[in-house]
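# Geometric and topological summary
Here are the chains, one letter per residue:
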Amino acid sequence: MSQSIGIASDHGGKALKEKIQAFLKAEGWNVKDFGVPFDSQQSVDYPDYAAQLSREVANGSLHRGILVCGTGIGMCIAANKIQGIRAGLVWDEFTARMSRQHNDANILCLGERTLNHDRALDLVRIWLHTEFEGARHQQRLDKIKALEQ
Ligand code: RB5
């Protein structure tokens, strides 16, 4: 697999981001890192990172994206403000699978402070390898798309 995936975090998500990034590279993904750097001591604003990554997913430069903050909530709220983004906050195997099968989520949001980090890698794996089911779910996504107008 050589598709490109973006990853970004704020200061509250940088340790889990680092771990996911290493995992993705080992899996053969081409990873674009939007920061923050793991060794950064700065407190940053998560919407800045969510916006940069989300714009590249929305315009097709990146296949998908992963955003990490303390809870995943702020990143998810911010990412979903960008047209074309379907960001899903995921916290277990079921939500990881459903966010793909039913919602065709193109961005995965995770919380560094809410998840066991080894388990988070399992959620990433599920999310990456689960396909959208289409059919009745597509008409619902079309209605979400219409809300953007
Ligand atoms: C930063 O302290 C924290 O608010 C942020 O990482 C995130 O959890 C916001 O939703």
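A brief look at the structure comes next.

Scoring rules and cut-offs
Residues numbered from 1 in each chain as written. Predicted model: local features only at pLDDT ≥ 70, side-chain atom pairs only at ≥ 80, totals over all residues. Heavy atoms only, no water. Pairing = 2+ DSSP bridges. Helix = DSSP H or I, 4+ residues; strand = E, 2+ residues; numbered from the N terminus. Axes fitted to C-alpha atoms, helices over the stretch in contact; angles between N-to-C directions. Near = heavy atom within 4 Å. Polar contact = N/O pair within 3.5 Å; in protein donor to acceptor, adjacent residues only side chain to side chain. Areas by Shrake-Rupley, 256 points an atom, 1.4 Å probe, with all protein chains shown as cover. Nonpolar A, V, L, I, M, F, W, Y, C, P; charged D, E, K, R; others polar. Right-handed = clockwise from strand over helix to strand, strands pointing away. Buried < 20%, exposed > 50% of the residue type's maximum accessible area, 1.4 Å probe, protein only. Contact = heavy atoms within 4.5 Å.

### Notes on the sheet that holds strand 3 (residues 64–69)
Adjacent strands of a sheet pair through backbone hydrogen bonds, lying either parallel or antiparallel. The strand order 2-1-3-5-4 describes an open sheet built from 5 strands, whose pairing is parallel. In this open sheet, the two edge strands, each paired with only one partner strand, are strand 2 (30–33) and strand 4 (87–89). Recorded for the sheet is a direction-independent mean angle of 20° between the axes of neighbouring strands. Bridge count for strand 1 (residues 4–9) against strand 3 is 5 bridges, and the pairing is parallel. Each residue of the ladder has a partner; that of Ile7, found in strand 3, is Ile66.

### Remarks on the site of the ligand
Neighbouring residues of the ligand: Asp10, His11, Tyr46, Cys69, Gly70, Thr71, Gly74 and Arg113. In the environment of the ligand, an oxygen atom lies 2.6 Å from a nitrogen or oxygen atom belonging to the side chain of Asp10. Here an oxygen atom of the ligand sits 2.8 Å away from a polar atom, N or O, in the main chain of Gly70. For the ligand, the protein covers 71% of the area, taking 300 Å² as the surface of the free molecule. Along the lines of polarity and charge, the residues of the shell around the ligand split into 2 nonpolar, 4 polar and 2 charged.

### With respect to the pairing of strand 2
By the bridge criterion, 4 bridges tie strand 1 to strand 2 in an arrangement that is parallel. Directly across from Ile7, in strand 2, lies its bridge partner Asp33. Crossover strand 1 to strand 2 through helix 1 (residues 14–26) is right-handed.

### Here's the deal with the side chain of Lys17
Relative to the elements of secondary structure, Lys17 occurs in helix 1. On the accessibility criterion, Lys17 (1% relative accessible area) is buried. Side chain to side chain, Lys17 and Asp33 meet in a polar contact 2.8 Å long. Setting aside anything within four residues of it in sequence, one finds Lys17 in contact with Ile7, Ala8, Ser9, Asp33, Gly35, Val36 and Val68.

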